[in-house]
Structures are given as structure tokens and as C-alpha cells.
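# Understanding the architecture of this molecule
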Amino acid sequence: MNEDEILRCDYQADLFAALQKRFSCGSAYLIQRFLQSDLARCLDEGDDIIPSIPQAIEEIRQDYPSVESRGGEVYPLEVVEWIGYVTRAYAISTKIPSRQILSRLPVKTFLDTYDAFHTLSVTNAVERLREIDLENHPVRSDYEIAKSVLGPKYKRLLRKSR
């Protein structure tokens, strides 16, 4: 990762911790809301203008008022910070938008892998998370995609073209 990407990871880690300190809702809910936010999209797109942490907290509060009242399990701050850092690194490395990360790797996956992965390099942690992602969402070959789209009546055609 380049310097700008590392700064984005640091920013998101700091923001996740600040959000957790500010709001009493569950950590998983906060993470979900943030990754669906316009601010996360801006980080995905590499926008040059990123709001300060206090401005970002206010933006999240305005966009998702339920963060002030929703309950749930609150994770330790170091876990929340790590999830913030590694989800940004994952988005950068895989080019998967923040909004799609949790559909591939639920917050519980990050929580469950924290003990094993938080001491790894970020690159190694992202690679391991990518392996988990691919186990759950295997990449289909062109043949498999064509077979599912064309259906059984084109089976002979697909065999001939292989």
C-alpha cells in the first residue's frame, strides 16, 4: 500500500474507535452503518477531501440517527480499531466497495479472526481474509457461468467449445 492508502486505513481505524466511544450502540451495527455510508464510498473512491473525525461522527449521526439508541455487543476498542483498519485495507487491496464487504465477510468473521490475525502484517491479514472470502464465494469459471446462463439444453454446445 502507498502512503495515501495507509493514511486512509489509519483514518478509518481512528474513526471506528471514535464512533464506538461516542455512541452506545453495538459495534457490529456501527461498522455496518459506516461501511454503507457516503463517507466510506468517498474513501473507496480516493477522494482528496476527507472530513475531520468530529465532522465524520456528526455526518454518521445525521445519516443514521439509530446509532444513538440501538443496543448490541460493544467490542473492545482495539478490536474495533483493527476492524476499521483491515476493512479499509481489504477494500483497497481487493477493489471491493465498502458496501459489499460485509455481504462477503460478516462482522463476525472479523471478530472471530481478530485473535489470530491482528498480529499479522496487514497484507497477510488481508490475504487470509481473502481466502475466507473465496471459500464462501468461489470464483466461477467462464464455463460454469455460461452453463448456468444457457441452461441444460445447450450442454452439448458448451462441451464442444471446451
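Residues numbered from 1 in each chain as written. Predicted model: local features only at pLDDT ≥ 70, side-chain atom pairs only at ≥ 80, totals over all residues. Heavy atoms only, no water.

On to the layout of surface pockets, then. In this model, the largest pocket occupies a volume close to 170 Å³. In terms of lining, the largest pocket is formed by 13 residues, of which the most central are Leu43, Asp44, Glu45, Ala91 and Ile92. Listed by contribution, the elements that provide at least two residues to the lining of the largest pocket are helix H1 (3–22), helix H3 (38–45) and helix H5 (77–94). Here the residues of the lining of the largest pocket sort into 5 nonpolar, 1 polar and 7 charged. (1 Å grid on protein atoms, 1.4 Å probe; cavity = no way out; pocket = protein on both sides within 12 Å on 5 of 7 lines; lining within 4 Å. Points joined across faces, edges and corners; volume = space filled by probe spheres on them. Helix = DSSP H or I, 4+ residues; strand = E, 2+ residues; numbered from the N terminus. Nonpolar A, V, L, I, M, F, W, Y, C, P; charged D, E, K, R; others polar.)

What follows deals with empty space enclosed by the protein. Under the definition given, this model contains 1 cavity of 30 Å³ or more. By volume, the largest cavity is sized at about 40 Å³. As for the largest cavity, its lining consists of Phe16, Leu19, Gln20, Ser27, Leu30, Ile31, Phe34 and Val80. Elements that contribute at least two residues to the lining of the largest cavity include exactly H1 and helix H2 (27–35). Per-element accounting of the lining of the largest cavity gives the leading share, 4 residues, to H2. Among the residues forming the lining of the largest cavity, the class breakdown is 6 nonpolar, 2 polar and no charged.

Considering the arrangement of structural elements, one finds Arg8 in helix H1. Its relative accessible area of 5% is what places Arg8 among the buried residues. Reaching out from Arg8, the side chain makes a polar contact with the backbone oxygen of Gly46 at a distance of 3.0 Å. In this structure, Arg8 is in contact with Cys42, Leu43, Gly46, Asp47, Asp48, Ile50 and Arg88, ignoring residues within four places of it in sequence. (Buried < 20%, exposed > 50% of the residue type's maximum accessible area, 1.4 Å probe, protein only. Polar contact = N/O pair within 3.5 Å; in protein donor to acceptor, adjacent residues only side chain to side chain. Contact = heavy atoms within 4.5 Å.)

We now examine the packing of aromatic side chains. Any pair of aromatic rings gets described here by the distance separating the centres and the angle formed by the planes. Summed over all chains, the structure comprises 2 aromatic pairs. Each ring, one from Phe16 and one from Phe34, has its centre 5.2 Å from the other, and the planes form 75°; the classification is edge-to-face. Separated by 18 residues along the polypeptide, Phe16 in helix H1 and Phe34 in helix H2 bring together distant segments of the chain. An angle of 75° between the planes, with centres 5.5 Å apart, marks the rings of Trp82 and Tyr114 as edge-to-face. Residue Trp82 is located in helix H5, and its partner Tyr114 is located in helix H7 (residues 107–117); the two are separated by 32 residues in the primary sequence. Overall, the relative accessible area of 12% leaves Tyr114 in the buried class. (Phe/Tyr/Trp six-rings, centres within 6.5 Å; stacked < 30°, edge-to-face > 60°.)

Proximity of charged atoms lets side chains of opposite charge pair with each other. A full pass over the atoms with the stated rule returns 10 salt bridges. For Arg22, the salt bridge is made with Glu68, and the minimal N-O distance between the two is 3.4 Å. Of this pair, Arg22 sits in helix H1 while Glu68 sits in the loop between helix H4 (53–63) and H5; the two residues are 46 residues apart in sequence, bridging distant segments of the chain. For the salt bridge of Arg41 with Glu45, the shortest nitrogen-to-oxygen distance reads 3.1 Å. Here Glu45 and Arg41 lie together in helix H3, a separation of 4 residues that amounts to about one turn. (Salt bridge = Lys/Arg side-chain N within 4 Å of Asp/Glu carboxyl O.)

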